[in-house]
Amino acid sequence: MSNLKALANLLAKPKRLKALLSYGHKGYLKSIGWFTAFDQQQAVDENGNPLPWVTYSFIDFIKERLNKSQNIFEYGSGSSTLFYADKVATVTSVEHDETWLNKIKNTSPANAEMIYCILATDGEYAKKATLLNKKFEVIIVDGRDRVNCCKYSINALTENGVIVLDDSERLAYEPARKLLTTNGFKELSFSGISPGLFYNKATSVFYKTNNCLGI
């Protein structure tokens, strides 16, 4: 549908238009800070605090289950790094975009480490979590080469560790979902919208019994 046709349809339904206009100052989208994120083109809440660029339903789930005894590894860095660093012991992020890394690394807190790594399919980037001689309670896969990142993340988890795969609804990541379930993980998917974006997506947690999130 063209923008003009969509506008004409909307104008023909004044009650719907009135409702949509009201969402900017009241209601769910206002309360979660969706408009703030949309205006700033950043993943932030209603007060401008950083959020991961994942589904709101996952954010609501995870934010009360993290604690200062946990260590997180994430593929891809940004506002998510700040969000997680505020809630856990340490955050280690691998980033393939050197320009982006140089832009944000000076804003990272003391308990967050950002590592630059050249991107190559099934290369050091995907293996980075396993190369650090450390185990992580939570590994967030929200960068590039996600299928391989999930594959190598299994061996970098603590016994109670979980893997989080963002955009898990994408067909390109179906092999990762199958790989993890084949390796004994169960999947808990959180669908919906994310900060500043208005299309449906999913963020999935892959976990086993006695996991660190109490699932």
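Residues numbered from 1 in each chain as written. Predicted model: local features only at pLDDT ≥ 70, side-chain atom pairs only at ≥ 80, totals over all residues. Heavy atoms only, no water.

- An unreviewed UniProt entry annotates the chain as FkbM family methyltransferase originating from Pedobacter changchengzhani.

### Topic: unusual backbone geometry
Negative phi values dominate among residues other than glycine, just as trans dominates among peptide bonds.
(1) Moving on: A positive phi angle is found at Q41, which is not glycine, with a value near 55°.
(2) Moving on: Tracing the backbone through its elements, the reader meets Q41 in the loop between α4 (34-40) and α5 (56-62).
(3) Moving on: At D167, a residue that is not glycine, the phi angle is positive and equals roughly 60°.
(4) Moving on: Looking at the element boundaries, D167 is found in the loop between β5 (157-166) and α10 (174-182).
(5) Moving on: Note on D167: relative accessible area 4%, which makes it buried. (Helix = DSSP H or I, 4+ residues; strand = E, 2+ residues; numbered from the N terminus. Buried < 20%, exposed > 50% of the residue type's maximum accessible area, 1.4 Å probe, protein only.)

### Quick word on the state of the cysteines
(1) Moving on: A full pass over the atoms with the stated rule returns zero disulfides.
(2) Moving on: No disulfide involves C117; its sulfur sits 9.7 Å from the nearest other cysteine sulfur, which is in C149.
(3) Moving on: Judged by its relative accessible area of 4%, C117 is buried.
(4) Moving on: Free cysteine C149: the closest other cysteine sulfur is in C150, separated by 7.0 Å. (Disulfide = S-S within 2.5 Å.)

### Quick word on the sheet that holds strand β2 (residues 90-95)
(1) Moving on: The mixed open sheet is built from seven strands, whose spatial order is β3-β2-β1-β4-β5-β7-β6. The two strands at the open ends of the sheet, each matched to only one other strand, are β3 (112-116) and β6 (186-194). The mean inter-strand angle of the sheet, taken between neighbouring strand axes irrespective of direction, is 15°.
(2) Moving on: Where β5 meets strand β7 (residues 197-207), four bridges bridge the pair, whose relative direction is antiparallel. Paired with I163 across the strands is F206, a residue of β7.
(3) Moving on: Taken strand by strand, helix α9 (residues 146-153) contacts β1 (71-75), β4 (136-141) and β5, and its axis lies near 170° from that of β5. (Pairing = 2+ DSSP bridges. Axes fitted to C-alpha atoms, helices over the stretch in contact; angles between N-to-C directions. Contact = heavy atoms within 4.5 Å.)

### Brief notes about α9
Owing to its 3.6 residues per turn, the α-helix aligns residues three or four sequence positions apart on the same side.
(1) Moving on: Taking burial as the measure, the eight residues of α9 include six buried ones, the bulk of the element.
(2) Moving on: For α9, the complete set of buried residues consists of R146, N148, C149, C150, Y152 and S153.
(3) Moving on: Contacts from the buried residues of α9 go to β1, α8 (124-127), β4, β5 and α10.

### Side note on the layout of surface pockets
(1) Moving on: Volume-wise, the largest pocket comes out at about 770 Å³.
(2) Moving on: Sorting the residues of the lining of the largest pocket by element identifies β1, α6 (79-85), α7 (98-104) and β7 as the ones contributing at least two each.
(3) Moving on: With four residues, the single largest contributor to the lining of the largest pocket is α6.
(4) Moving on: Of the residues contributing to the lining of the largest pocket, the split by class is 16 nonpolar, 10 polar and 10 charged. (1 Å grid on protein atoms, 1.4 Å probe; cavity = no way out; pocket = protein on both sides within 12 Å on 5 of 7 lines; lining within 4 Å. Points joined across faces, edges and corners; volume = space filled by probe spheres on them. Nonpolar A, V, L, I, M, F, W, Y, C, P; charged D, E, K, R; others polar.)

### Topic: the environment of I215
(1) Moving on: Inspection of the secondary structure assignment puts I215 in the segment after β7.
(2) Moving on: Each C-alpha atom of the pair I215 and L188 lies 9.0 Å from the other, and the pair is 27 residues apart in sequence.

### Quick word on the packing of α9 against α10
(1) Moving on: Viewed as axis vectors pointing N to C, α9 and α10 meet at an angle of 15°, and their least axial separation amounts to 8 Å. Here α9 lies roughly parallel to α10, going by the angle between them. Here α9 runs over α10; the crossing is right-handed. Side by side, α9 and α10 meet where V147, C150 and K151 of the first sit next to P175, A176, L179 and L180 of the second.
(2) Moving on: When the residues that make up the contact of α9 with α10 are grouped by side-chain class, the tally is six nonpolar, no polar and one charged. (Parallel < 35°, antiparallel > 145°, perpendicular 65-115°, else oblique. Left-handed = near helix turned anticlockwise from the far one by under 90°.)

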